[in-house]
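Structural features, examined
Listed below are the residues making up each chain.
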Amino acid sequence: MARAASELTAHLGYWLRFVSNHVSLAFARKLESRGVTVAEWVVLRELYESAPVAPSEVAERLGLTRGAISKLADRLIAKSFLVRRASLADGRAQRLALTAQGRLIVPGLAALADENDAEFFAHLNARDRADLKRILHNLVVQHGLKIVPMS
């Protein structure tokens, strides 16, 4: 006899993905209005409070390959948000840094992220928001998740 199949909506993963897809898509659309992708935003925000840093370090922080960071850096350089500079210690090594324009755009993009969060989560009271964040963070730690979501 065949085993009964659980309902799709019985799975927490279903609900996490359902909410995540809608939150992410709304945010991606907001960023597109500013000419930036989610992946580009993540790199910009990562570098915002950082001294010039090696691409390999950015890749490690975000759980990405060096190739992925290189492609993202190329796109951000083309948009005048990022520069590659030779390291002062080793002229062959490269460092990534935000340009003045890149530094100026980050607070506005962060405001879009805050707005997006408010649209989806403001109806939750402060305790529920804190509990949700704590539970999700616990899942990240428990499963050793490293790759920063960018899509």
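About the cut-offs
- Residues numbered from 1 in each chain as written.
- Predicted model: local features only at pLDDT ≥ 70, side-chain atom pairs only at ≥ 80, totals over all residues.
- Heavy atoms only, no water.
- Helix = DSSP H or I, 4+ residues; strand = E, 2+ residues; numbered from the N terminus.
- Rg over C-alpha atoms; globule rule 2.2 N^0.38 Å.
- Contact = heavy atoms within 4.5 Å.
- Axes fitted to C-alpha atoms, helices over the stretch in contact; angles between N-to-C directions.
- Parallel < 35°, antiparallel > 145°, perpendicular 65-115°, else oblique.
- Nonpolar A, V, L, I, M, F, W, Y, C, P; charged D, E, K, R; others polar.
- Core = buried A, V, L, I, M, F, W, Y, C linked by side-chain atoms within 4.5 Å.
- Buried < 20%, exposed > 50% of the residue type's maximum accessible area, 1.4 Å probe, protein only.

**Structural notes on the overall build of the chain**
Scanning the chain from terminus to terminus reveals six helices and two strands. The order of α-helices and β-strands along the chain, N terminus first, is α-α-α-α-β-β-α-α. A compact globule built from 151 residues would reach a C-alpha radius of gyration of about 15 Å, whereas the chain, at 19 Å, exceeds it by more than 25%. C-alpha extents for the chain along the principal axes are approximately 65 × 35 × 25 Å. Within the chain, contacts between residues at least 6 apart in sequence are counted, and of these 57% link residues at least 24 apart.

**Describing the environment of Val-38**
Structurally, the position occupied by Val-38 is in helix α2 (residues 38–48). Each C-alpha atom of the pair Val-38 and Pro-107 lies 15 Å from the other, and the pair is 69 residues apart in sequence.

**Thoughts on the packing of α2 against helix α4 (residues 66–78)**
The geometry of α2 relative to α4 is characterised by a closest axis approach of 10 Å and an angle of 90 degrees between their N-to-C directions. Overall, the two elements α2 and α4 adopt an arrangement that is roughly perpendicular. For the pair α2 and α4, contact is made by Ala-39, Glu-40, Val-43 and Leu-44 and by Ile-69, Leu-72, Arg-75 and Leu-76, respectively. Looking at the contact of α2 with α4, its residues break down into six nonpolar, no polar and two charged.

**As for the nonpolar core**
Ranked by size, the top nonpolar core spans 28 residues in total, and within it Trp-41, Leu-44, Leu-47 and Leu-109 carry the most contacts. Breaking this core down by element, the ones donating at least two residues are α1 (12–32), α2, α3 (55–62), α4, β2 (94–98) and α5 (100–121). The leading source of residues in this core is α2, at seven residues.

**Brief notes about unusual backbone geometry**
It is generally the case that most residues other than glycine have a negative phi and that most peptide bonds are trans. Even without being a glycine, Ser-80 presents a positive backbone phi close to 65 degrees. Topologically, Ser-80 is positioned in the loop between α4 and β1 (82–86). Judged by relative accessible area, Ser-80 falls into the partly exposed class, the value being 37%.

**Quick look at the environment of Leu-109**
By the secondary structure assignment, Leu-109 is in helix α5. For Leu-109, a relative accessible area of 0% puts it in the buried group. It is 8.8 Å that separates the C-alpha atoms of Leu-109 and Arg-45, two residues lying 64 residues apart in sequence. For Leu-109, the contacting residues outside a window of four places in its chain are Phe-27, Leu-31, Arg-34, Val-36, Trp-41 and Leu-44.

Just distances and angles here, no functional claims.
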